[in-house]
Amino acid sequence: MKTKSTLAFKDHFNISEEELRKILNTALLKGGDFSEIFLEYKTFNFINMEEDIIKETAESISLGMGIRVLAGDRTGYGYTNDLSFFKMKKAAITASSIAQNNQLNTSNVLKFRSQAQNYYPVKKPAHNEDLKKKIELVKKVYLSAQNTDSAIKKVKVSYMDQIQYITVINSDGLVTSDVRPLVKCTCLAIAEKSNIREAGFSGGGGRVGLEYFQSQLSPETIGEDAAQEALHLLKASPSPAGEMPVVLAPGHSGVLIHEAVGHLLEADFIRKKTSIFWDKLGKNVASPQVNIYDDPTIPYFRGSYNMDDEGTAPKKTALIQQGKLSGMLQDRLSATLMKKPLTGHGRRQDFTCIPIPRMSNTYIDKGSEDPEDIIKSVEKGFYAHKYQGGQVEDSGKFTFSVSSGFLIEKGKLTRPVKQATLIGTNIDILNKIEMVGFDLKFGLQTGTCGKEGQAAPVCDGCPTLKISAMTVGGQK
Amino acid sequence: MKSRKDSSRFQTLAENLVAFGQKNGADEIEISVYEGSEFSVDIRLGKVENLVEAGSNGLSFRVIKDQKTAFAASSDLTEKTLHRLVKNAIERAELANPDEFAGLPELKEIESDESSMKLYDPDILSLESRKKIDLALETERIALQDDRITNSHGSSFESREVQTILANSKGFSQGYKETFFSLGVGLQGGDTDEKVEDYWGSSARFFSELESPEETARKAVDRTLRQLNPKKIKTQNIPVIFEPKMTSWLLGFLFSCISGTSVYQKTSFLSDKLGKKIGNEKISVVDDGLLPGKLGTHPFDAEGIPTQKTRVIDKGVLKNFLCNTYAARKLKLKTTGNAEGNSVGPNNFYLEPGRITPQEIITSLDRGLILTRTIGHGLNPVTGDISRGAFGLWVENGEIVHPVSEITISGNLGTVLNTVEEIGNDLEFRSAVAGPTIKIAEMTIAGT
């Protein structure tokens, strides 16, 4: 069946099937095992409001193709933003040179595969909406933050939307496409009182249309949340330093799982044996309450996709089940070399990049504890509430930066504290997860993950968690 | 030669688009064109893992109409698309609010000539792929000869050639070419569950200025192995020595606090400190876009303003914020030739070196930490607060006694600038933001 979407590469890229096959075959001329064309057309809109005015708007277009050749564990890659047959063929010749045997492979007959599911059936993508409507949204967020309190001295609101059309064509004969909308609106608020200044941040979005800002998260809430965080921090004191019990608030604390677990289960690090987890599949690495998943199929989420950037249908993947290491995130190259099934986690930033295993929406599943009981169980400790982000090394050492939190004293949240870095080694901390709450939440739909210089939209989630001891880096 | 022909082709494209914008109602228009070609090879365990070779180009612009601004960018350089984007932008500008500070700078003469700035290494044209691959192979091979190195993240060689063209409706139309080379390797040492890792590499505009495979491998091996068998330490306040790479990291944070954009936005704790003492008299910080051959050197910035040497902090006194035209107008200051994209970026931004050697600084330390690496986020320009995961070496009686891991370091940039006790003589421009070894009187280290 040839619906309009089957011809997406003709609509946006103006290339014939015959040309595509010629390019795939050219890429295999030196004996590569596999060749793949990635076509991308992306439009992007941006609005910035600060100092009470709509300061600027922007529009951008990104158009290009990347061609990859696999020869054993070697990858050759070329790309061009000029979609003439001549330039694409030249990129194919460049990529082909990675292979050095005389075996002559050719591409199979191309066959279109439509996506089994659409995880973001947006009626009207935001990029087609009137710019005036988006400006109204931005102004609402701005005013809401500004009007929260007279101590709010500065507000900055950014809105962006994009739509990305991609088509993957490979020498196995696969042709498949995805159309991915993405929206994000964020607010930064700065509060000032007696010469102390603090910043608060909030936002939302996802693979949604503008109706999200009516039905899911109102612009007023975004503005007020950012302002309240800044006001809250004005009252906060420097956080304590040292080792102590830590309770993680539900939602964005998922960043801990993203750093401590997710990255080190990306199959390239396992295959290269650089990850501390490389020899631990099937072994216990966490306390038994811990269940961790990566799921690219959660409807409308920022980290979701109908196919990964290699054309593979994505699967919800269990990483840790009842404390046992049970899975990893695969792209085509690692899955082939490790003789493991594909999971649909081969992602790339854009046409200039080689796909690598990446996370999508990563979360620790809900447990059975009442979040109030978790806080009550701590005599003296640290409650981590909001975050700036985190980072991990293959050795398992990771940090995450807390922008605001509370002290826990005698089972109650007491003094607000600010700016602390938590540090630990992953298996150690995973084993110290003592209690898992039943209140699974996801963090703000604004997160971006960086790996090897490539940015990818992601989301993290987590219920209230108690870690029996962790190093908190504060100033006191 | 290909680049010459293309250079005039893109200069013409930019000039024509300026004319098209003016004809269609833009009061002002500014076009930047970028053309780049890259070669990169990743080696791991003696084999080529990735080989990328490609060229691409892109165009970005802004239009101003009735003091309202719109931006756009495209990698589709067909006339049809570009004309549509310019018309869209002129129409879209209407929806923004008038901003008396918006607009292009007046035309200024560029005095420095491109060749004396040493931005372009003609060797890039004759350097063969085989040789680049061999350099990366050799670097990793030498590193792996040390049997305490147990795994490799791989080595990489990269070369890039970039052409930048800028044309605007004030009559500016110029361009320049640059080259970049880099070679580095990442390593792991230790057993499976007690691994340590680090990376070393160099970047330069000239191929001949790259560190050799031997030197790169040796430094990467040393940096990795010196972390083996770390100990945990107690939470305490102690003196901290920053290695040059760490000083550069601190200066990057300082830059974000003195950039005119964060100053007029009041997102910097230094925004009302111009002319005031913000550090002790040992501290002098400079931004210099004119240093020949350095990574942050350019003849003009993203708005066509000639780059210059600006004293940012002089003996502890905050002398200048770094500005593009917009930030300068907002702050009633002069632009310093630091426009980068729509914002402000560093040229060569550095802390002036002292006289003492790094070894003398270590020898003079009774008890404290040498900070070697940090991970994570935790820099807040609004307050100056610093909080990061850290790795280091523990010093007693002037000697390194053992490595330290799983600690965090925290403090405040304002305090740090006032408590720098020593500044080393080892300034090297390994990146556009650079500093020598420094010693801070006291910071908080959180451990057990």
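Parameters and conventions
- In this convention, every chain numbers its residues from 1, walking through the sequence in written order.
- All chains are assigned letters beginning with A, and all ligands numbers beginning with 1, in the order in which they are written.
- Where local features are concerned, this predicted model is filtered to residues with pLDDT of at least 70; where side-chain atom pairs are given and counted, the filter is 80 or more; whole-chain, interface and lining totals use all residues.
- Should DSSP find at least two bridges between two strands, the strands are taken to pair.
- The helix and strand labels rest on DSSP assignments: H or I over at least four residues marks a helix, E over at least two residues marks a strand, and numbering proceeds from the N terminus.
- Segment limits for the domains were obtained from an automatic or database-derived domain assignment.
- Residues are treated as contacting if the C-beta atoms built from their backbones sit within 7 Å of each other.
- Following the grouping adopted for this structure description, the nonpolar residues are Ala, Val, Leu, Ile, Met, Phe, Trp, Tyr, Cys and Pro, the charged ones are Asp, Glu, Lys and Arg, and the polar ones are all others, Gly among them.
- Here a residue counts as buried when 20 or more other C-beta atoms sit within 10 Å of its C-beta, as exposed when there are 12 or fewer, and as partly exposed otherwise, the C-beta atoms being derived from the backbone.
- Here an axis means a line fitted to C-alpha atoms, over the contact stretch when the element is a helix, while the angle between two N-to-C directions is reported on a 0 to 180 degree scale.
- Reported orientations rely on four angle classes, namely roughly parallel under 35 degrees, roughly antiparallel over 145, roughly perpendicular from 65 to 115, and oblique for the rest.
- Crossings are sorted by hand: turned counterclockwise from the far helix by less than a right angle, the near helix makes the crossing left-handed, and turned clockwise it makes it right-handed.

(A) View of the sheet that holds strand β9 (residues 309–314) of chain B. Taken together, the five strands give an open sheet; going across it, the order is β10-β9-β8-β13-β19 (chain B), and neighbouring strands pair in mixed fashion. The strands lining the two open edges of the sheet, one partner per strand, are β10 (317–318) and β19 (433–434) of chain B.

(B) Structural detail: the domain arrangement of chain A. Residues and elements named next belong to chain A. Splitting chain A by domain gives domain 1 (4–234) and domain 2 (238–473). Measuring from the centre of the C-alpha atoms in domain 1 to the corresponding centre in domain 2 gives 23 Å. Taken together, the contacts link 39 residues of domain 1 with 27 residues of domain 2. Here the element with the most residues in the side of domain 1 that touches domain 2 is strand β6 (residues 174–193); it accounts for seven residues. Partitioning the side of domain 1 that touches domain 2 into residue classes produces 14 nonpolar, 16 polar and nine charged.

(C) Layout of the environment of Tyr-305 of chain A. Residues and elements named next belong to chain A. Inspection of the secondary structure assignment puts Tyr-305 in the loop between β10 (292–294) and β11 (317–321). With 26 C-beta atoms counted inside 10 Å, the residue Tyr-305 sits in the buried group. Sequence spacing of Tyr-305 and Pro-181 is 124 residues, and the spatial spacing of their C-alpha atoms is 9.8 Å. Not counting the four nearest positions on each side in its chain, Tyr-305 is found in contact with Asp-178, Arg-180, Pro-296, Pro-314 and Ser-360.

(D) View of the domain arrangement of chain B. Residue and element names in this part refer to chain B. As assigned here, chain B comprises domain 1 (2–224) and domain 2 (230–448). Placing the centre of domain 1 and that of domain 2 at their C-alpha centroids yields a distance of 25 Å. Across the boundary between the two partners, domain 1 contributes 25 residues, which contact 21 residues of domain 2. Contributions of two or more residues to the side of domain 1 that touches domain 2 are made by β4 (149–168), β5 (173–189) and β6 (196–204). For the side of domain 1 that touches domain 2, the leading source of residues is β6, giving three residues.

(E) Helix α7 (residues 254–262) of chain A, seen in detail. In terms of burial, α7 of chain A is a largely internal element, nine of the nine residues being buried. Of all the residues in α7 of chain A, the buried ones are Gly-254, Val-255, Leu-256, Ile-257, His-258, Glu-259, Ala-260, Val-261 and Gly-262 of chain A.

(F) The arrangement of the packing of helix α4 (residues 129–144) of chain B against helix α5 (residues 213–225) of chain B in detail. Residue and element names in this part refer to chain B. It is at 8 Å that the axes of α4 and α5 come closest, and there the two elements cross at 40°. Relative to α5, the element α4 lies oblique. Crossing angle aside, the handedness with which α4 passes α5 is right-handed. Contact residues: α4 offers Leu-135, Glu-138, Thr-139, Ile-142 and Ala-143, while α5 offers Pro-213, Glu-214, Thr-216, Ala-217, Ala-220 and Val-221.

(G) Molecular detail of the sheet that holds β11 of chain A. All names here are of chain A. Strand order across the open sheet formed by six strands is β12-β11-β10-β15-β23-β20, with mixed pairing between neighbours. Edge strands, defined here as strands with exactly one partner in the open sheet, are β12 (324–325) and β20 (441–442). As defined by bridge partners, β10 adjoins strand β15 (residues 361–364) across three bridges and the pair is classed as antiparallel. Following the sheet pairing, Tyr-293 is matched in β15 by Tyr-363. Its contacts with the sheet place α7 against β10, β11, β15, β20 and β23 (459–462), and it is angled at close to 100° to β15.

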